[in-house]
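# Structural overview for review
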Amino acid sequence: MRIDLTGRRFGRLRVLKPAGHAKNGNALWLCQCDCGNSTVADSYRLRHGMTRSCGCLRQESSRTSSQHNAAFLQQQHNHGKYLFNEEGVPLCSIKMGKRNTSGHIGVHFNRQSNQWFARLMVNGHYVLLKAFSTYEDAVAAREAAEEQYLRPRQVEVG
Ligand SMILES: [Zn+2]
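Description of the structure in this document. Model, not experiment: these values are computed from the prediction. (Residues numbered from 1 in each chain as written. Predicted model: local features only at pLDDT ≥ 70, side-chain atom pairs only at ≥ 80, totals over all residues. Heavy atoms only, no water.)

We now examine the sheet that holds strand β7 (residues 125-132). Taken in spatial order, the 3 strands line up as β5-β6-β7 in an open sheet, and their pairing is antiparallel. The sheet is open, and its two edges are formed by β5 (107-110) and β7, each paired on a single side. The sheet shows a mean angle of 25° between the axes of neighbouring strands, direction not considered. Set on the sheet, helix α3 (residues 135-149) makes contact with β5, β6 (115-122) and β7; between it and β6 the angle comes to about 10°. (Pairing = 2+ DSSP bridges. Helix = DSSP H or I, 4+ residues; strand = E, 2+ residues; numbered from the N terminus. Axes fitted to C-alpha atoms, helices over the stretch in contact; angles between N-to-C directions. Contact = heavy atoms within 4.5 Å.)

Structure below.
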């Protein structure tokens, strides 16, 4: 028995008239979508909220979410690109990995900027993060920072 859906609204669809039956026996309805398209929808899917547009609704929502993703990625990208420490060293240029190319912990060479970076992290914060033109300067800065922050074991408990 066909339930008369004529004139009923389901999401963006307004039911215009019967459109025969699907192979499975479900009643089909010709529907007018708010976007201007018309579509034939299954009565069961309409009444259970499974069909709510000619297909434009799904397209729009997936497009919106991918736009959000792109904006999010761009934001993350800029975030990394423009993060500088107090000394003006861009953080994204500093490799955080354990691999070390200089042999001296906390000093490494950055090929992109052609500079040596000295860094020292204490309690999760950089107390030293600075670029130098020579390896010796970077090592000296690192050793001075170690002297200042690590030798006296009176580390403040945060
Ligand atoms: Zn539509």
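The subject of this paragraph is the coordination of the zinc ion. When a metal carries six donors in an octahedron, the ideal angles between them are 90 or 180 degrees, while four donors in a tetrahedron ideally lie at 109.5 degrees. Taken together, the protein donors to the zinc ion comprise Cys-33 (SG), Cys-35 (SG), Cys-54 (SG) and Cys-56 (SG), at separations of 2.2 to 2.4 Å. Of note is the zinc ion, whose 4 donor atoms meet at the metal with angles of 101 to 115° in an arrangement that counts as tetrahedral. Coordination of the zinc ion draws on donor residues from a single chain, spaced C-x1-C-x18-C-x1-C in sequence. Of this pair, Cys-33 sits in strand β3 (residues 27-33) while Cys-54 sits in the loop between α1 (43-47) and α2 (56-81), placing them 21 residues apart in sequence. Under the relative-accessibility criterion, Cys-33 is labelled buried at 2%. Under the relative-accessibility criterion, Cys-54 is labelled partly exposed at 24%. (Donors = N, O, S within 2.8 Å, 3.2 Å for Na, K, Ca; no water. Tetrahedral: all angles 85-135°; square planar, octahedral: opposite > 155°, others 65-115°. Buried < 20%, exposed > 50% of the residue type's maximum accessible area, 1.4 Å probe, protein only.)

Pairing is antiparallel in the open sheet, where 4 strands are placed in the order β1-β2-β3-β4. For this open sheet the edge positions go to β1 (9-10) and β4 (38-42), each flanked by a neighbour on one side alone. Inspection of the sheet shows strand β2 (residues 13-21) paired to β3 by 6 bridges, in the antiparallel sense. Pairing of His-21 across the sheet is with Ala-27, part of β3.

Right, let's talk about the packing of aromatic side chains for a bit. The description of an aromatic ring pair uses the distance of the two centres, along with the angle that the planes make with each other. Tallied over the full model, the rule gives 2 aromatic pairs. Among the aromatic side chains, those forming a connected cluster through ring pairs are Phe-109, Trp-116 and Tyr-135. (Phe/Tyr/Trp six-rings, centres within 6.5 Å; stacked < 30°, edge-to-face > 60°.)

Here is the key point about a regular strand: its side chains alternate between the two faces of the sheet. By the bridge criterion, 2 bridges tie β1 to β2 in an arrangement that is antiparallel. Within β2, the position partnered with Phe-10 by the bridge is Leu-13. Between the antiparallel neighbours β2 and β3 lie 5 residues, among them Gly-25 with a positive phi of about 95°.

With that settled, the discussion passes to the pattern of salt bridges. For the structure shown, the criterion picks out 2 salt bridges. Residues Asp-34 and Arg-9 are paired through a salt bridge, measuring 3.2 Å at the closest nitrogen-oxygen approach. Taken as a pair, Asp-34 in the loop between β3 and β4 and Arg-9 in strand β1 lie far apart in primary sequence, 25 residues in all. Residue Arg-9 is classed as partly exposed on the basis of its relative accessible area, which comes to 45%. Where Arg-142 meets Glu-146, a salt bridge forms, and the shortest distance between an N and an O atom there is 2.5 Å. Highlighted residues: Arg-142 and Glu-146, both in helix α3, separated by 4 residues, approximately one helical turn. Neither Arg-142 nor Glu-146 differs from the other in exposure class; each is buried. (Salt bridge = Lys/Arg side-chain N within 4 Å of Asp/Glu carboxyl O.)

Its place among the elements puts Thr-51 in the loop between α1 and α2. On the basis of relative accessible area, Thr-51 is assigned to the buried category, the value being 14%. Discounting residues that sit within four places of it in the chain, Thr-51 has contacts with Phe-10, Leu-13, Ala-41, Arg-45 and Leu-46.

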